[in-house]
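Breakdown of the fold
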Amino acid sequence: MCGTLKRRFLLLYGTQQGQSKAIAEEICQQAEEHGFVADVFSLKDINQFNLESEKDPVVIVMSTTGTGDPPDASLKFVKKIRNKELPDDYFAHLRYGLLALGDSEYTYFCNGGKIVDRRLQELGGRHFYDTGYADDCVGLELVVEPWIKDLWVALEREFLSRAENKTTIEELKDVTSGDHNIPEVPGNLDIHLQTFSLESELAPNNTSLNKAVSDACKEVELSLVHSVPPLCHCSLNIPALPSPYLHVLILDSEAKDIDLSLLHPEEKMFSVPIRQAKRLTTEDAVKTTLMLELDISNTTIDFQPGDSFCIVCPNPCDEVTDLIAKLGLSDKQHCQVCLTVKSDTKKRGAAKPNYIPEKCSLQYLLTWCLEIRALPKKAFLRAMVESTSDAAEKRRLLELCSKQGNSDYNCFIRDHAISVLDLLNAFPSCRPPLSLLIEHLPRLQPRTYSAASSNLCHPGKLCFVFNVVNFEPCSGRTLPRTGVCTGWLAELVRGNAKDSEAKAVMDSKDMFAAEPQISIFIRPSTLFRLPLDSAVPIIMVGPGTGIAPFIGFLQHREMQRQQKKECIFGNTWLFFGCRSHDKDYLFRDELRSFVENGTLTHFKVCFSREAPCTTNEYMPKYVQEYLKMYSQDVVRILTKENGYFYVCGDAKHMAKDVNSALADILCAELCVDKLESMKILASLKDENRYLQDIWG
Ligand code: FAD
């Protein structure tokens, strides 16, 4: 019976940019070959599946977005299972396996999947297969591929145990059960999180390669291109060579211009002029902080403070030109690129990337479609070896993608944000085909910025605040460079500035000779909003550019206070931090005026690089230290007055430090232990009263 009938499982995915969907499609396709059939649904289609009555095993592939949130499309599902009224055994019938996707560069790694996993467990659901955590930072495939490979074993085991249970029950009832014909299952389910095909690249008879390696190891300093013993002598475990799947044809005919809105057909995109650009920090400040004011008066854009906007940005023009030259395609820059899927590819589910418009030019493709600065994954390095002619370079690339070369990969590629162009410069004999870049580089992502203005206060105007990101030279890159989007925006406003004075300060009224236009679309926030009840107190913590959404909040509040005189407005606290009074005190005048007119009732600003004052008074340097000084107020507001706590800015350090300061404050003020304080913070998060808008 079971041998002939396909065994069904339910396959759900929560996707933000299509990765989970693609993985779910891959699982679905492989299911057939393994004698299973999958019913696949997006978590957004909650009416099409029913976990409450689901009897078959469930497989969930779940992405993470923003600051550790589940994908937008799955929020309804998450809300549904988070319902506190649900009993503890609500999903006691459920057997599931979950694959969580994330990026370990972010604080809340794989948190979208973890949220769902935790909640299903709380409601009685049980794993039939261990959760996989795939890390986009080093390559999702390192976990995804082995996880899928062992999923079939786990499903076999699950169906076997179901059949055995059924047989036992039927035997008890003395009913013959028929022929099961269930395939044999390995006794020990071993989940490999990283599998590599073992290939010794130092074959004894490969003398030229061996010589090159010995030469390379002689008295060299460890760097991106050179290794030292023992790595340069050891045999390597390297990833399997990814199967190529795209055929690229570059026509002789020139391509036409393609509208940027085609890049994100699912979004309502607007092209808007930059009306004004202001440098908020002084020339000698460590960071360059810019504020852009966009004119949205001719659009239908409607937003609330707390919303963010995505800016569609291009890759740097000179890098695109260099890359085209490295590919040997300089004469084809403006020619049409045609992509087809190779008919003989072994890659399952191979498809043309849907973010590359038909008939676009080579230059357009590398400028607007591919993240050419993306971290080259190990599978990409492995594939590049095939296009490298120099033996020593080949060996070093193999080392960098090998298990043994992991720390070199992290140190020389990941930590230095090395791009494919950097690699092609460092390994000049590597000449990959264009198809390899298209197969391995991800989609160029628009960059998100929090609105730093209020529509209510300044109709038709939208402001952003950002630091121009800088990358220093390093082993493998001789020149400094700026972030893709922030560098482009800074150049855009500088290049269009009318006169030299405006170029320097960028704040004169009609500063632009021609107003530069940028393409944006909204990314509305569901939670990071002012409380509906204006009477409840709020605490905002936003050092540096983290101040951005709070300027929007405060402008909004200021207008509300003028318009709704009868309303009660709760206390409004802001903890802000910068380096010094004179160089990077963002929005100094505007913040002062909020204090003067009573919009901001408690304003606490600290300076991390200012010399200590002569009095003996303790001056905190960082916002988390300042919070501790007001611990009684913080605890009262959060535990007695139903207040809100907002944090915005750097996710890697500040948000973590603020979180642990809050936990310490709760411990000290409420006389509870660390665990209890963490529980209080978790419930504040659940009630959407501890909200974060963090990045980095
Ligand atoms: P990229 O070329 O993408 O390089 C960024 C990489 O550089 C990161 O991977 C990081 O590892 C590294 N890096 C080094 N320094 C920094 C730094 N200071 N910031 C970011 N990355 C750094 N940014 C703002 O400045 N203001 C905002 O209001 C803002 N709001 C955001 C809201 C949301 C919801 C999110 C998700 C992000 C927000 N960001 C904001 C971050 C912003 O989207 C970009 O990531 C940032 O401006 C860098 O973009 P880039 O293309 O210039 O850098």
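All of these numbers come straight from a predicted model, not from anything done at the bench.

**Considering the overall build of the chain**
When helices and strands are counted, the chain shows 20 helices and 23 strands. Long-range pairs, those at least 24 residues apart, make up 78% of the contacts in the chain with a sequence separation of at least 6. On the chain, roughly 32,700 Å² of surface is accessible, and the fraction owed to carbon and sulfur atoms is 50%.

**Notes on the environment of P87**
By the element assignment, P87 lies in the loop between helix 2 (75-82) and strand 4 (95-102). Classification of P87 as partly exposed rests on a relative accessible area of 41%. In this structure, the C-alpha to C-alpha distance between P87 and E122, residues 35 residues apart in sequence, is 9.2 Å.

**A look at the pattern of salt bridges**
This model, assessed by the stated rule, comprises 34 salt bridges. With its nearest N and O atoms 3.7 Å apart, the salt bridge here joins K332 to D252. With a gap of 80 residues between them, K332 in the loop between helix 6 (317-326) and strand 13 (335-341) and D252 in strand 9 (residues 246-254) connect regions that are remote in the sequence. Residue class for K332 comes out partly exposed when judged on its relative accessible area of 22%. Through salt bridges with shared partners, one network takes in R8, D39, E54 and D56.

**Comments concerning unusual backbone geometry**
Cis peptide bonds are those with omega within 30 degrees of zero, and the linkage from P229 to P230 qualifies with 5°. Along the polypeptide, P230 turns up in the loop between helix 5 (207-217) and strand 8 (237-238). Even without a glycine there, the phi angle at K359 is positive, about 60°. As for its placement among the helices and strands, K359 is situated in the loop between strand 13 and helix 7 (362-369). Take K359: its relative accessible area is 52%, and that puts it in the exposed class. Even without being a glycine, N642 presents a positive backbone phi close to 60°. With respect to the element layout, N642 can be found in the loop between helix 18 (631-639) and strand 22 (644-650).

**Here's the deal with the site of the ligand**
Around the ligand, a shell composed of 18 residues is seen, among which R447, T448, Y449, C485 and T486 lie nearest. Contact distances for the ligand include 2.8 Å between an oxygen atom and a backbone N or O atom of V484. Interatomic distance of 2.8 Å between a backbone N/O atom of C485 and an oxygen atom of the ligand. Protein contact buries 74% of the 930 Å² of open area that the ligand shows by itself. Those elements that place two or more of their residues in the shell around the ligand are strand 14 (447-450), strand 15 (461-467), helix 13 (484-496) and strand 23 (690-695). Ranked by the residues each element gives to the shell around the ligand, the list is headed by strand 14, at four residues.

**Some remarks on the sheet that holds strand 14**
Consider a sheet: its strands pair through backbone hydrogen bonds, and that pairing is either parallel or antiparallel. Pairing is antiparallel across the open sheet formed by six strands, whose spatial order is 14-12-18-10-11-15. Edge positions in the sheet fall to strand 14 and strand 15, since each of these pairs with one other strand and no more. Across the sheet, the mean angle separating the axes of adjacent strands is 40° when strand polarity is ignored. In the sheet, strand 10 (residues 270-279) pairs with strand 18 (residues 517-523) via four bridges, with the strands oriented antiparallel. Bridged to V272 within strand 18 is I518.

**Looking at helix 15 (residues 548-563)**
Between its first and last C-alpha, helix 15 extends 23 Å over 16 residues, near the 22 Å set by a 1.5 Å rise per residue. The element helix 15 is largely enclosed, with a buried count of 13 among its 16 residues.

**A look at the pairing of strand 1 (residues 7-14)**
Within strand 1, seven of the eight residues are buried, which leaves the element mostly enclosed by the surrounding structure. Where strand 1 meets strand 2 (residues 36-42), seven bridges bridge the pair, whose relative direction is parallel. Its bridge partner being in strand 2, R7 is matched across the sheet by F36. Note on the crossover from strand 1 through helix 1 (residues 19-33) to strand 2: the handedness is right-handed. Two strands pair when backbone bridges link them, and strand 1 and strand 3 (residues 58-62) are joined in this way by five bridges, in the parallel orientation. Bridging across to strand 3, G14 finds its partner in M62.

**Some words on the nonpolar core**
Within the largest apolar cluster, 61 residues are counted, with the highest numbers of intra-cluster contacts made by I356, L366, L370, L381 and M384. The element that contributes the greatest number of residues to this core is helix 7, accounting for six residues. Look past the residues within four positions of L370 in its chain and what remains in contact with it is N315, Y355, I356, L365, L437, I438, L441, P442 and L444. Ranked by size, the runner-up nonpolar core spans 31 residues in total, among them F553, Y585, F594 and C648.

**Observations regarding the packing of aromatic side chains**
According to the stated counting rule, one finds 28 aromatic pairs in the structure shown. Ring centres 6.1 Å apart and planes at 25° place the aromatic pair Y644 and Y646 in the stacked group. Accessibility assignment for this pair places Y644 and Y646 in one class, buried. One aromatic cluster is present, built from ring pairs that chain together F303, F309, Y449, F464 and F466.

**With respect to the side chain of E319**
For E319, the location among the structural elements is in helix 6. With relative accessibility at 12%, the residue E319 sits in the buried group. Within polar-contact distance, the side chain of E319 engages the side chain of R373 at 2.9 Å. Residues in contact with E319, not counting those within four places in the same chain, are I372, R373, L421 and R481.

**Considering the environment of E515**
As for its placement among the helices and strands, E515 is situated in the loop between helix 14 (500-505) and strand 18. Sequence separation of E515 and N496 is 19 residues, and the distance between their C-alpha atoms is 7.2 Å. For E515, the contacting residues outside a window of four places in its chain are P273, I274 and R275. A distance of 2.6 Å separates a polar atom in the side chain of E515 from a polar atom in the side chain of R275.

**Observations regarding the sheet that holds strand 23**
The sheet built from five strands is open, its strands ordered 21-20-19-22-23 with parallel pairing. Where the open sheet ends on each side, the last strands, each with one partner, are strand 21 (602-607) and strand 23. Averaged over all pairs of adjacent strands, the angle between their axes in this sheet comes to 10°, without regard to strand direction. The pairing of strand 20 (residues 572-578) with strand 21 spans six bridges and is parallel. Directly across from W573, in strand 21, lies its bridge partner H602. Each of strand 19 (538-541), strand 22 and strand 23 is contacted by helix 19 (residues 654-670), which is oriented at about 150° to strand 22, the strand it contacts most.

**Section: the side chain of R477**
Assignment of secondary structure puts R477 in the loop between strand 16 (470-471) and strand 17 (481-482). Residue classification places R477 among the buried residues on the basis of a relative accessible area of 7%. Here D422 takes part through its side chain, which lies 3.2 Å from a polar atom of the side chain of R477. Each residue touching R477, except ones within four places of it in the same chain, is listed here: H416, A417, I418, D422, F471 and E472.

About the cut-offs
- Residues numbered from 1 in each chain as written.
- Predicted model: local features only at pLDDT ≥ 70, side-chain atom pairs only at ≥ 80, totals over all residues.
- Heavy atoms only, no water.
- Helix = DSSP H or I, 4+ residues; strand = E, 2+ residues; numbered from the N terminus.
- Contact = heavy atoms within 4.5 Å.
- Areas by Shrake-Rupley, 256 points an atom, 1.4 Å probe, with all protein chains shown as cover.
- Buried < 20%, exposed > 50% of the residue type's maximum accessible area, 1.4 Å probe, protein only.
- Salt bridge = Lys/Arg side-chain N within 4 Å of Asp/Glu carboxyl O.
- Near = heavy atom within 4 Å.
- Polar contact = N/O pair within 3.5 Å; in protein donor to acceptor, adjacent residues only side chain to side chain.
- Pairing = 2+ DSSP bridges.
- Axes fitted to C-alpha atoms, helices over the stretch in contact; angles between N-to-C directions.
- Expected span 1.5 Å × (residues − 1).
- Right-handed = clockwise from strand over helix to strand, strands pointing away.
- Core = buried A, V, L, I, M, F, W, Y, C linked by side-chain atoms within 4.5 Å.
- Phe/Tyr/Trp six-rings, centres within 6.5 Å; stacked < 30°, edge-to-face > 60°.

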